[in-house]
Amino acid sequence: ADKVRHGLSRTRQNLGKQLSGLFGGGKIDEALYEELETILLTADTGVNATNRLLEDLRKQVKRDGLSDAAQLKKALQEALITMLAPLEQPLDMTKEKPFVIMITGVNGVGKTTSIGKLAKYFQSEGKSVLLAAGDTFRAAAREQLIVWGERNNIAVIAPENDPNNRNDPAAVIFDAVNAAKARNIDVVLADTAGRLTTQLHLMEEIKKVKRVIAKAMPDAPHEVLLVLDANTGQNAVAQVKAFDEALGVTGLVLTKLDGTAKGGVIAAIATQHVENPPALRFLGVGEGVDDLRPFDAREFVEAIFD
Ligand code: GDP
């Protein structure tokens, strides 16, 4: 919990401090709601989530006969927890072996770093892990994974790149799933090349990767994990939509929450697919290998407020 608190210090300083000022005293009136709306939008909470939170608050105020601004803090916390709770769905990895996780996301969001953190996390739970260097687009990504695997004693499937004809990412991951089966490995983390969602042919390629994984193991990938950078704010919401349409995203990792005041983006994600919100599996709260936390709605909201 301290890690999340520390990681969210910037969001807390901005959002939390302003909210504390707002709830410091005085009456609940229209001016207060308007100020709250501005604060939430500034934290990248987005129009949908902000409207829903304000509606929920007005209802609570009416129902409970609240009049002091100070009473709104608790009400807002509860409204936020209710909104974010559907995102809290821990990964169930008990049914499949190997459990195959396909990692996707735009370049620079923290994919490779998150793969390292996830590998450590699963190892700490007593699981064996194998990495697949499926980002054959960027030579450095392959090198990075190999070095990381050697240092941490984790197997990496990374065939040598042919300089004239780069490896087929689908083939690399297909081989990795088969290797994991042969070696009785628990979890496969498959890296894929960063995609600009506007690059249609690259989106087609990543769809093919998913199809080919299913040929190595019928229900695989068991998780399509999209990594998002919290700094990109509302753009992260657009990325969820685009990747979900192409691949069927089942889980999210939201990175770099430690460096941003835009923590409200989680609420924007929660209200995007009201029917079926994607699970927010993990938060990245720093560059270190241990700076990964399973998402807990209450812990997150309490870390923002104080
Ligand atoms: P990729 O291109 O998506 O594989 O991105 P990388 O994993 O190479 O990460 C890009 C940069 O973001 C690196 O400098 C990482 O150290 C940094 N980074 C990744 N996750 C986090 C995080 O949770 N917090 C912070 N502060 N930096 C992060």
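I will try to describe carefully the structure that is included in this document. Going along each chain's sequence as written, the residues are numbered from 1 onward. For this predicted model, a pLDDT threshold of at least 70 governs which residues receive local features, and a threshold of 80 or more governs which side-chain atom pairs are given and counted, while totals over whole chains, interfaces and linings are taken from all residues. Hydrogens and water are ignored here; the side-chain numbers use all heavy atoms of the structure.

1. Considerations on the overall build of the chain
Okay, so step 1: Runs of E in the DSSP output that reach at least two residues are strands. Runs of H or I that reach at least four are helices, and both are numbered from the N terminus. Summing up its helical and strand segments, the chain has twelve helices and eight strands in all.
Okay, so step 2: Along the longest, intermediate and shortest principal axes, the C-alpha atoms of the chain span 70 × 35 × 35 Å.
Okay, so step 3: A buried classification covers 53% of the 306 residues belonging to the chain.
Okay, so step 4: The contact criterion used is simple: two residues touch if any of their non-hydrogen atoms lie within 4.5 Å. The long-range share in the chain, meaning contacts at least 24 apart out of those at least 6 apart in sequence, stands at 78%.
Okay, so step 5: A total accessible area of about 13700 Å² is found for the chain, and carbon and sulfur atoms account for 48% of it.
Okay, so step 6: By the counting scheme adopted, Arg and Lys are positive, Glu and Asp are negative, and His together with the chain ends is not counted. To locate a charge, take atom NZ for lysine, CZ for arginine, CG for aspartate or CD for glutamate. For the chain, the separation between the mean place of its 37 positive charges and that of its 41 negative charges on side chains is 2 Å. Think of it in three bands: residues with accessible area under 20% of the maximum for their type are buried, residues over 50% are exposed, and the middle band is partly exposed, with areas taken using a 1.4 Å probe on protein chains only. The protein chains shown are the only cover counted for residues, whose accessible areas, like all others here, come from Shrake-Rupley with a 1.4 Å probe.

2. Concerning the sheet that holds strand 5 (residues 223–229)
Okay, so step 1: Read across the sheet, eight strands follow the order 3-2-4-1-5-6-7-8 without closing on themselves; strand pairing throughout is mixed. In this open sheet, the two strands that pair with only one neighbour each are strand 3 (155–157) and strand 8 (292–294). Taken pair by pair, the neighbouring strands of this sheet meet at an average axis angle of 25°, ignoring direction.
Okay, so step 2: Across the sheet, helix 10 (residues 234–247) touches strand 1 (99–104), strand 5 and strand 6 (251–255), and the angle it forms with strand 5 is around 160°. The criterion for strand pairing is that DSSP finds at least two bridges linking the strands in question. Throughout, an axis means a line fitted to C-alpha atoms (over the contacting stretch in the case of helices), and angles, computed between N-to-C directions, take values from 0 to 180 degrees.

3. Thoughts on the nonpolar core
Okay, so step 1: With 105 residues, the main nonpolar core has Leu84, Leu189, Ile266 and Phe300 as its most contacted residues.
Okay, so step 2: Residue contributions to this core peak at eight residues, all from helix 5 (residues 70–84).
Okay, so step 3: Discounting chain neighbours no more than four positions away, the residues touching Phe300 are Leu8, Leu84, Leu257, Gly263, Ile266, Leu283 and Phe295. Put simply, buried Ala, Val, Leu, Ile, Met, Phe, Trp, Tyr and Cys residues joined by side-chain atoms within 4.5 Å make one nonpolar core.

4. Topic: the site of the ligand
Okay, so step 1: Any residue with at least one heavy atom within 4 Å of a molecule or strand is counted as near it. Lys111, Thr112, Thr113, Asp258 and Glu287 are the nearest of the 16 residues found near the ligand.
Okay, so step 2: Each polar contact in these results corresponds to two N or O atoms within 3.5 Å; when the atoms are within protein, one needs to be able to donate a hydrogen and the other to accept it, and residues that are neighboring in sequence are counted only if both atoms are side-chain atoms. Here an oxygen atom of the ligand sits 2.6 Å away from a polar atom, N or O, in the side chain of Thr112.
Okay, so step 3: Gly284 has a polar backbone atom sitting 3.4 Å from an oxygen atom of the ligand.
Okay, so step 4: Burial of the ligand by the surrounding chains reaches 78%, relative to a free accessible area of 590 Å².

5. Points about unusual backbone geometry
Okay, so step 1: Lys97 connects to Pro98 through a cis peptide bond whose omega is -5°.
Okay, so step 2: Position of Pro98 among the secondary structure elements: in the loop between helix 5 and strand 1.
Okay, so step 3: The step from Ala220 to Pro221 runs through a cis peptide bond, and the omega angle for that step is -5°.
Okay, so step 4: When you line up the elements, Pro221 lands in the loop between helix 9 (200–216) and strand 5.
Okay, so step 5: Of note in this structure, Asn153 is not a glycine but carries a positive phi near 60°.
Okay, so step 6: Mapping Asn153 onto the fold places it in the loop between helix 7 (139–152) and strand 3.
Okay, so step 7: Relative accessible area serves as the criterion here: at 69%, Asn153 is assigned to the exposed category.
Okay, so step 8: One non-glycine residue, Asn184, lies in positive phi territory at about 60°.
Okay, so step 9: Take Asn184: it is sitting in the loop between helix 8 (169–182) and strand 4 (187–191).

6. Quick word on the pairing of strand 7 (residues 279–284)
Okay, so step 1: Burial of strand 7 is extensive: six of the six residues sit out of reach of the surface.
Okay, so step 2: Pairing between strand 6 and strand 7: four bridges, direction parallel. Residue pairing for strand 7: Val253 is matched across the bridge by Phe282.
Okay, so step 3: As defined by bridge partners, strand 7 adjoins strand 8 across three bridges and the pair is classed as antiparallel. By the bridge assignment for strand 8, Phe282 is matched with Pro294.

7. With respect to the packing of aromatic side chains
Okay, so step 1: What counts as a ring pair is set by centres within 6.5 Å for rings of Phe, Tyr and Trp (its six-membered ring), and what kind of pair is set by the plane angle: stacked under 30 degrees, edge-to-face over 60, tilted for all other angles. Within this structure, the stated rule accounts for three aromatic pairs.
Okay, so step 2: Considering the side-chain rings of Tyr121 and Phe122, the 5.8 Å spacing of their centres and the 70° angle between planes classify their relative orientation as edge-to-face.
Okay, so step 3: Three or more aromatic residues link up through ring pairs in this structure, and these residues are Tyr121, Phe122 and Phe282.
Okay, so step 4: Only when the NZ atom of a Lys or the CZ atom of an Arg is both within 6 Å of the ring centre and within 35 degrees of the ring normal do we say a charge sits over the ring. The ring of Tyr33 is capped by Arg58, whose NZ or CZ atom sits 4.1 Å from the centre of that ring.

8. Quick word on the pattern of salt bridges
Okay, so step 1: Whenever Lys or Arg places a side-chain nitrogen within 4 Å of a carboxyl oxygen from Asp or Glu, that contact is recorded as a salt bridge. Taken as a whole and judged by the stated rule, the model has 17 salt bridges.
Okay, so step 2: Its salt-bridge partner being Arg298, residue Glu78 comes within 3.7 Å of it at the nearest N-O pair. With a gap of 220 residues between them, Glu78 in helix 5 and Arg298 in helix 12 (residues 297–305) connect regions that are remote in the sequence.
Okay, so step 3: For Glu78, a relative accessible area of 26% puts it in the partly exposed group.
Okay, so step 4: In this structure, Asp92 and Lys95 form a salt bridge, with 2.9 Å as the shortest nitrogen-oxygen distance.

9. Topic: the packing of helix 2 (residues 9–22) against helix 12
Okay, so step 1: The N-to-C vectors of helix 2 and helix 12 enclose an angle of 70°; their axes lie 7 Å apart at closest approach. When the axis of helix 2 is compared with that of helix 12, the two are roughly perpendicular. Judged by residue contacts, Thr11, Arg12, Leu15, Gly16 and Leu19 of helix 2 engage Ala303, Ile304 and Phe305 from helix 12.
Okay, so step 2: Class assignment of the residues belonging to the contact of helix 2 with helix 12 gives a composition of five nonpolar, two polar and one charged. With respect to orientation, any angle under 35 degrees is reported as roughly parallel, any angle over 145 as roughly antiparallel, any angle of 65 to 115 as roughly perpendicular, and every other angle as oblique. Residues are grouped as follows: Ala, Val, Leu, Ile, Met, Phe, Trp, Tyr, Cys and Pro are nonpolar; Asp, Glu, Lys and Arg are charged; every other residue, Gly included, is polar.

Nothing here speaks to function; it is geometry throughout.
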